[in-house]
Amino acid sequence: RKEVEQDPGPFNVPEGATVAFNCTYSNSASQSFFWYRQDCRKEPKLLMSVYSSGNEDGRFTAQLNRASQYISLLIRDSKLSDSATYLCVVNDGNTGKLIFGQGTTLQVKP
Amino acid sequence: ETGVTQTPRHLVMGMTNKKSLKCEQHLGHNAMYWYKQSAKKPLELMFVYSLEERVENNSVPSRFSPECPNSSHLFLHLHTLQPEDSALYLCASSQDAQGSANTGELFFGEGSRLTVL
């Protein structure tokens with residue numbers, strides 16, 4: 001089983017749609033969770049952290065389910081500029097290293 | 001000016017060549033990293049330097065040789081590479097190696113896209 005697993009997509013959605021991505025992780029000792037965004041041919045950038053109680057940043061909502069070992073990212077009212085690859089990142093609880101998922105590609109169409 | 005700059009942006013080399021990738025960070029960070037990003041694969045951590053000392057070497061083949069002369073500069077020396085080494089090589093920095101594991105905050109350069117013929 002991969003340490004951090006994501007559906008690579010692509011997810012093709014119309015503007016204004018709501019879209020959600022899930023990510024599962026294998027190490028139950030993991031303590032910290034994050035979503036990164038990577039635009040085409042650009043570097044990854046931290047989008048948001050994921051807190052146990054869930055957190056929201058504008059149109060973006062991140063949630064954590066420790067029991068099932070998955071995190072999610074919900075994007076409401078999708079914009080064309082949201083088109084990117086979204087990387088799930090998990091802090092390996094044993095080594096402290098950040099483990100990246102393969103990424104989920106989102107294409108928002110007009 | 002971007003916080004982390006990498007040169008060259010693109011590199012094509014033969015299997016017998018020797019080349020180097022350069023990374024410079026202008027953020028005053030104490031930790032620097034090399035990652036490899038291949039198509040359809042997750043980012044793979046290659047090396048971690050903290051205060052110019054290598055603290056992580058993720059079973060990377062010896063044909064990749066890192067160098068960190070000071071806390072602002074990081075090099076990746078390449079020699080006798082294989083075609084499967086073709087990838088995007090990303091440099092990153094963080095305030096400190098341990099802290100980034102908790103905050104998740106890594107600052108990446110735009111990468112050096114390497115093609116090995």
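Scroll up for the structure.
What you see as residue numbers is a count from 1 along each chain, following the sequence as written. By the order in which they are written, chains take letters starting at A while ligands take numbers starting at 1. Side-chain atom pairs in this predicted model are given and counted only at pLDDT of 80 or more, local residue features only at pLDDT of at least 70, and totals for whole chains, interfaces and linings cover all residues. Calculation of side-chain values draws on the structure's entire complement of heavy atoms; hydrogens and water are dropped beforehand.

(A) Broad picture of the sheet that holds strand β3 (residues 19-25) of chain A. All names here are of chain A. At least two DSSP bridges between two strands are needed for those strands to be called paired. Numbering of helices and strands runs from the N terminus, with a helix taken as a DSSP run of H or I at least four residues long and a strand as a DSSP run of E at least two residues long. Across the sheet, which stays open at both edges, the five strands sit in the order β1-β3-β8-β7-β6 with antiparallel pairing between neighbours. Both outer strands of the open sheet, β1 (4-6) and β6 (55-57), are each paired with one neighbouring strand and no more. On average, each strand axis in the sheet is tilted by 20 degrees relative to the strand beside it, whichever way the strands run. Note: β6 against strand β7 (residues 60-65), three bridges, orientation antiparallel. Following the sheet pairing, glutamate 56 is matched in β7 by threonine 61. Note on definitions: angles span 0 to 180 degrees between N-to-C directions of axes, and those axes are lines fitted to C-alpha atoms, for helices only across the stretch in contact.

(B) Structural view of the nonpolar core. Within the largest apolar cluster, 24 residues are counted, with the highest numbers of intra-cluster contacts made by A:Phe21, A:Trp35, A:Ile71, A:Leu73, A:Ile75, A:Tyr86 and A:Leu106. Mapped by element, the contributors of at least two residues to this core are β3, β4 (33-38), β5 (44-50), β7, β8 (70-75), β9 (84-91) and β11 (104-109) of chain A. Any pair of residues with heavy atoms lying within 4.5 Å of one another is described as a contacting pair. Once you skip the residues sitting within four places of it in the chain, A:Leu73 turns out to touch A:Val19, A:Ala20, A:Phe21, A:Trp35, A:Leu47, A:Met48, A:Phe60, A:Thr61 and A:Tyr86. Definition used in this section: a nonpolar core is a set of buried Ala, Val, Leu, Ile, Met, Phe, Trp, Tyr and Cys residues joined via side-chain atoms within 4.5 Å. Buried, partly exposed and exposed residues are distinguished by accessible area as a fraction of the type maximum, computed with a 1.4 Å probe on protein chains only: under 20%, between the cut-offs, and over 50%, respectively. Within the second largest apolar cluster, 22 residues are counted, among which are B:Met32, B:Phe64, B:Leu81 and B:Cys91.

(C) Representation of the side chain of A:Arg37 within the structure. All names here are of chain A. Position of arginine 37 among the secondary structure elements: in strand β4. Polar contact is defined as a pair of N or O atoms within 3.5 Å, subject to the rule that within protein one atom must be able to donate a hydrogen and the other to accept it, and that residues adjacent in sequence are counted only when both atoms are side-chain atoms. Looking at arginine 37, its side chain comes within polar contact range of the side chain of aspartate 39, at 2.8 Å. A polar atom in the side chain of arginine 37 sits 2.5 Å from the backbone oxygen of serine 81. Residues contacting arginine 37, with those up to four places away along its chain left out, are Glu43, Pro44, Lys45, Leu47, Ser81, Asp82, Ser83, Ala84, Thr85 and Tyr86.

(D) Geometry of unusual backbone geometry. Omega for the peptide link from A:Gly9 to A:Pro10 comes to 10 degrees, which places this bond in the cis form. Following the sequence through the fold, A:Pro10 ends up in the loop between β1 and β2 (11-14). Across the junction of B:Thr7 and B:Pro8, the peptide omega takes the value -10 degrees, indicating a cis bond. Along the chain, B:Pro8 turns up in the loop between β1 (4-7) and β2 (10-13). Even without being a glycine, A:Asp77 presents a positive backbone phi close to 50 degrees.

(E) View of the state of the cysteines. The rule for a disulfide is simple: a pair of cysteine sulfur atoms within 2.5 Å. Inspection of the entire model under this criterion finds two disulfides over all chains. At a sulfur-sulfur separation of 1.9 Å, the disulfide partner of A:Cys23 is A:Cys88. Of note, the bridge from A:Cys23 to A:Cys88 carries an S-S torsion of about -70 degrees and is left-handed in sense. Of this pair, A:Cys23 sits in strand β3 while A:Cys88 is found in strand β9, placing the two residues 65 residues apart along the sequence. Each member of the pair, A:Cys23 as well as A:Cys88, carries the same accessibility label: buried. Across the disulfide from B:Cys23 sits B:Cys91; the S-S distance is 1.9 Å. Its torsion about the S-S bond being -75 degrees, the disulfide of B:Cys23 and B:Cys91 is classed as left-handed. Of this pair, B:Cys23 sits in strand β3 (residues 18-25) while B:Cys91 sits in strand β9 (residues 87-94), and the two are 68 residues apart along the sequence. In this pair, the class of B:Cys23 matches that of B:Cys91, namely buried.

(F) Fine view of the packing of aromatic side chains. Put simply, two rings from Phe, Tyr or Trp (the six-membered ring, in Trp's case) pair if the centres are within 6.5 Å, and we call them stacked under 30 degrees between planes, edge-to-face over 60, tilted for the rest. According to the stated counting rule, one finds 10 aromatic pairs over all chains in the structure shown. Between A:Tyr36 and B:Phe108, the ring centres sit 6.2 Å apart and the planes meet at 85 degrees, which makes this aromatic pair edge-to-face. Of this pair, A:Tyr36 sits in strand β4 while B:Phe108 sits in strand β10 (residues 107-108), placing the two residues on different chains. According to the relative accessible area criterion, A:Tyr36 is buried, its value standing at 0%. Judged by its relative accessible area of 6%, B:Phe108 falls in the buried class. Judged by centre distance (5.8 Å) and plane angle (35 degrees), the rings of B:Phe64 and B:Tyr89 are tilted.

So far we have only geometry, and geometry alone does not tell us how the molecule works.
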